[in-house]
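Chain by chain, the residues:
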Amino acid sequence: MPGRQIFDKAALEKAFAELGKRAQAAGKTIEISIYGGSALILTFDQRPNTRDVDGVFEKDKEFVRAMAIDLANEYGWDHGWLNDGVKGWLSVVDSQPEAKALFKSYPSESEPGLQVSLAKPEYLFAMKCRAMRTDAASSDIDDIKLLAGQLGLTNSEDALALVAKFYPHNVLEPKTKFGLEEIFSYIDWGRKR
């Protein structure tokens, strides 16, 4: 039975390169949008790892799923290493240019089999805030802090305003507002008090 894989930047690149080669060999060019921890690793290289890849792939779904399972079997990864469970957290602006950008094509730019887009940091921040799991197994709070620092956010009001660009207030749970207030009240962002 396949086990749990820990994906760091090198492992993610390896997985995408393999997917790209296999898609290219099948005469396909597939597109995957990456979110969550994997997008953070590839964008900032500051988060050490993730256990899975949150990705959305609309075209050739069965082909992508079959390739992902083949890779899982070959490398001993969990069969859910590439999953689209993140779909429930997507914003209505997900397809807009302010949400995602092309990261890389595999195996090469000139002959892609796989094109990987990443959620932009602002969108990742909004998604993490909307989900905001606080259990010990979740890295959402640490990811929110990392993204806030990268984006120069220093208070909960600005953070909520950014989240509102992606999600209307009526879809946000109270935990988002209260969680952000708590996060920003305990962090000294280099300000003098």
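Since this is a predicted model, take the numbers as computed values, not measurements.

Caption draft 1: Region of interest: the side chain of aspartate 143. Note on placement: aspartate 143 falls in helix H5 (residues 140-151). Taking relative accessible area as the criterion, aspartate 143 reaches 3% and is therefore assigned buried. The contacts of aspartate 143, once residues within four sequence positions are left out, are Leu40, Arg47 and Lys128.

Caption draft 2: Summary view of the environment of glutamate 58. With respect to the secondary-structure elements, glutamate 58 resides in the loop between strand E2 (53-56) and helix H3 (61-75). Classification of glutamate 58 by relative accessible area gives exposed; the value is 52%. Counting along the chain gives 25 residues from glutamate 58 to serine 33, while the straight-line C-alpha distance between them is 9.4 Å.

Caption draft 3: Region of the structure containing the nonpolar core. Phe16, Leu19, Trp81, Leu82, Phe125 and Leu180 are the most contacted members of the largest nonpolar core, which totals 58 residues. Among residues more than four places away in sequence, those in contact with phenylalanine 16 are Ile34, Leu42, Val53, Tyr106, Leu114 and Val116.

Caption draft 4: Highlighting the pattern of salt bridges. Throughout the structure, instances matching the rule amount to 15 salt bridges. A salt bridge links lysine 100 to aspartate 94; the shortest N-O distance between them is 3.1 Å. Note on aspartate 94: relative accessible area 12%, which makes it buried. Across the salt bridge formed by glutamate 181 and lysine 177, the nearest N and O atoms sit 2.6 Å from each other.

Caption draft 5: Structural view of the packing of aromatic side chains. Taken as a whole and assessed by the stated rule, the structure comprises 7 aromatic pairs. Ring centres of phenylalanine 7 and tryptophan 77 lie 5.0 Å apart, and the angle between their planes is 70°; on these two criteria the pair is classed as edge-to-face. In this pair, phenylalanine 7 sits in the segment before helix H1 (9-25) while tryptophan 77 sits in the loop between H3 and strand E3 (82-83), placing the two residues 70 residues apart along the sequence. Each member of the pair, phenylalanine 7 as well as tryptophan 77, is classed as buried. With centroids separated by 5.8 Å and ring planes inclined at 50°, the aromatic side chains of phenylalanine 16 and tyrosine 106 adopt a geometry described as tilted. Residue phenylalanine 16 is located in helix H1, and its partner tyrosine 106 is located in strand E4 (residues 100-107); the two are separated by 90 residues in the primary sequence. The residues phenylalanine 16 and tyrosine 106 share a single accessibility class, namely buried. Connected via pairs of aromatic rings, a cluster forms that spans Phe7, Tyr75, Trp77 and Trp81.

Caption draft 6: A look at the packing of H1 against helix H2 (residues 36-44). Their axes nearest at 10 Å, the elements H1 and H2 cross at an angle of 105°. Judged on the interaxial angle alone, H2 and H1 are roughly perpendicular. Residues Lys9, Leu12, Glu13 and Phe16 of H1 form the contact with H2, whose participating residues are Ser38, Ile41 and Leu42. Residue classes in the contact of H1 with H2 are distributed as 4 nonpolar, 1 polar and 2 charged.

Conventions used here
All chains use their own residue numbering, which begins from 1 and follows the written sequence. Local features in this predicted model are restricted to residues of pLDDT 70 or higher, and side-chain atom pairs are both shown and tallied only at a pLDDT of 80 or more, whereas totals for entire chains, interfaces and linings draw on every residue. Calculated side-chain values reflect all of the structure's heavy atoms, with hydrogen atoms and water omitted. Only DSSP runs of H or I with at least four residues qualify as helices, and only runs of E with at least two residues qualify as strands; both kinds are numbered from the N terminus onward. Accessibility here uses a 1.4 Å probe with only protein chains present; expressed as a share of the type maximum, an area under 20% marks a residue as buried, one over 50% as exposed, and anything in between as partly exposed. In what follows, residue pairs with any heavy atoms lying within 4.5 Å of each other are defined as contacts. The nonpolar core is taken to be a set of buried Ala, Val, Leu, Ile, Met, Phe, Trp, Tyr and Cys residues, with the residues joined through side-chain atoms within 4.5 Å. Should a side-chain nitrogen of Lys or Arg be within 4 Å of a carboxyl oxygen of Asp or Glu, the pair is scored as a salt bridge. What counts as a ring pair is set by centres within 6.5 Å for rings of Phe, Tyr and Trp (its six-membered ring), and what kind of pair is set by the plane angle: stacked under 30 degrees, edge-to-face over 60, tilted for all other angles. Here an angle of 0 to 180 degrees is reported between the N-to-C directions of two axes, which are lines fitted to C-alpha atoms, with helices fitted over the stretch in contact. Roughly parallel refers to an angle under 35 degrees, roughly antiparallel to one over 145, roughly perpendicular to one between 65 and 115, and oblique to any angle outside these ranges. The nonpolar class holds Ala, Val, Leu, Ile, Met, Phe, Trp, Tyr, Cys and Pro. Asp, Glu, Lys and Arg form the charged class, and all remaining residues, Gly among them, are polar.

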